[in-house]
Amino acid sequence: MVATYAIPPEVVCLGETMAQVTPLPGGRIDGRSELVLRPGGAESNVAMALVALGHRAAWASRVGADPLGDLLLTALEEAGVDLRLVERDPRLPTGVYFKDPAPAGSSVYYYRAGSAAAAMDRTAAGPVVAAGPRVVHLSGITPVLAPGCRDLVEHLMLQRPVAGAVVSFDVNHRPALWDRDAGDELLRLARAADVVFVGLDEAARLWPVSDAADVRELIGAPVCLVVKQGAEEAVCFDGDTVVREPAPAVAVVEPVGAGDAFAAGWLAGLLRGLDHGARLRLGHLAAGAALESISDQGTLPPTEEICRRIGVSPARWRAGAAADGEG
């Protein structure tokens with residue numbers, strides 16, 4: 001049954017989320033550490049961060065009809081994410097991965113083969129179309145999961161069935177998932193998007209580029225391109241406009257989830273009609289909160305503090321929400 005919406009979600013984020021097994025702060029994946037279960041998925045991370053920033057966000061995916069699927073849906077429901085586009089599979093399991101955190105970079109071990117989400121195909125696009133979001137957010141993780149997932153992403157990005165929606169694409173290159181060269185495939189998808197997020201480090205792994213300007217030249221216009229350069233800065237290219245914003249210093253606990261939070265912050269700025277500088281600053285702020293947390297999701301400051309740190313008045317912030325029908 002296709003969900004109906006009196007008020008549509010502003011953003012639909014489509015992709016797999018797994019049960020993430022991670023140690024408590026200070027621990028490692030070993031027999032001496034206590035482990036906790038949390039949701040872990042790029043697109044659901046974006047959805048949760050968008051909700052925390054005051055937006056209506058839906059997550060579209062499939063999970064198993066199992067306790068791990070229950071865990072994911074409970075956590076996302078408690079975070080305020082719209083789950084009407086999630087299908088439960090009675091045959092296939094919810095995927096699992098283990099995260100071994102460290103400030104310099106986490107090691108991640110996936111157990112996702114044959115998961116419910118990997119069985120997604122083009123039929124999942126119908127409910128997304130019916131939802132009628134302003135933004136459809138996808139990542140480069142989904143197309144590598146299975147041929148049906150690849151076809152679904154290509155359908156949403158190349159054929160554009162969601163009329164009028166901005167297609168947002170986070171390159172999110174995960175080398176461990178690819179058994180073939182990912183460069184050409186991810187470049188083709190990036191060129192098909194309206195908004196692209198990519199880290200300079202992953203761009204340099206994928207393509208013959210050495211700086212943000214090289215990435216812009218390779219992907220080209222009219223794509224609005226955001227290149228993240230770690231702790232240094234983020235650069236936005238939109239037409240002839242180039243805007244740079246330095247990344248504030250933060251005490252990094254572990255980095256997984258920061259890129260998703262950045263994308264959510266930038267998209268929240270887009271939805272509120274903020275200028276490019278404010279969008280980048282909001283992306284940095286959201287990413288910083290994730291960097292300071294053992295979880296993929298950080299705790300954002302109150303609205304007044306967000307406004308102060310990104311240089312936007314509370315009235316302007318509220319006006320952007322009102323324009324989206326939030327009162």
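Residues numbered from 1 in each chain as written. Predicted model: local features only at pLDDT ≥ 70, side-chain atom pairs only at ≥ 80, totals over all residues. Heavy atoms only, no water.

Draft legend 1. Structural detail: the nonpolar core. By size, the foremost hydrophobic cluster in this structure holds 52 residues, and its most contacted members are Leu138, Phe169, Trp207, Val215 and Ile219. With five residues, the top contributor of residues to this core is helix H4 (residues 147–159). Ignoring any residue separated from it by four or fewer positions in sequence, one finds Phe169 in contact with Leu138, Ser139, Gly140, Met157, Leu186, Leu189, Ala190, Ala193, Val195, Val196 and Phe197. Counting 48 residues, the second-largest nonpolar core is a separate cluster that includes Leu72, Phe262, Trp266 and Ile310. (Core = buried A, V, L, I, M, F, W, Y, C linked by side-chain atoms within 4.5 Å. Buried < 20%, exposed > 50% of the residue type's maximum accessible area, 1.4 Å probe, protein only. Helix = DSSP H or I, 4+ residues; strand = E, 2+ residues; numbered from the N terminus. Contact = heavy atoms within 4.5 Å.)

Draft legend 2. Geometry of the side chain of Asp89. Mapped onto the fold, Asp89 is located in strand S5 (residues 82–89). At 2.7 Å, the side chain of Asp89 and the backbone nitrogen of Arg91 are in polar contact. Look past the residues within four positions of Asp89 in its chain and what remains in contact with it is Arg62, Val63, Gly64, Ala65 and Ala116. (Polar contact = N/O pair within 3.5 Å; in protein donor to acceptor, adjacent residues only side chain to side chain.)

Draft legend 3. Representation of unusual backbone geometry in the model. In this structure, Pro222 follows Ala221 across a cis peptide bond, with omega equal to 10 degrees. With respect to the secondary-structure elements, Pro222 resides in the loop between helix H7 (212–219) and strand S11 (224–229). If you check the backbone angles, Arg160 has positive phi at about 50 degrees while not being a glycine. In this structure, Asn172 is a non-glycine residue whose phi angle is positive, near 45 degrees. Looking at where Asn172 falls in the secondary structure, it is placed in the loop between strand S9 (166–170) and helix H5 (183–192).

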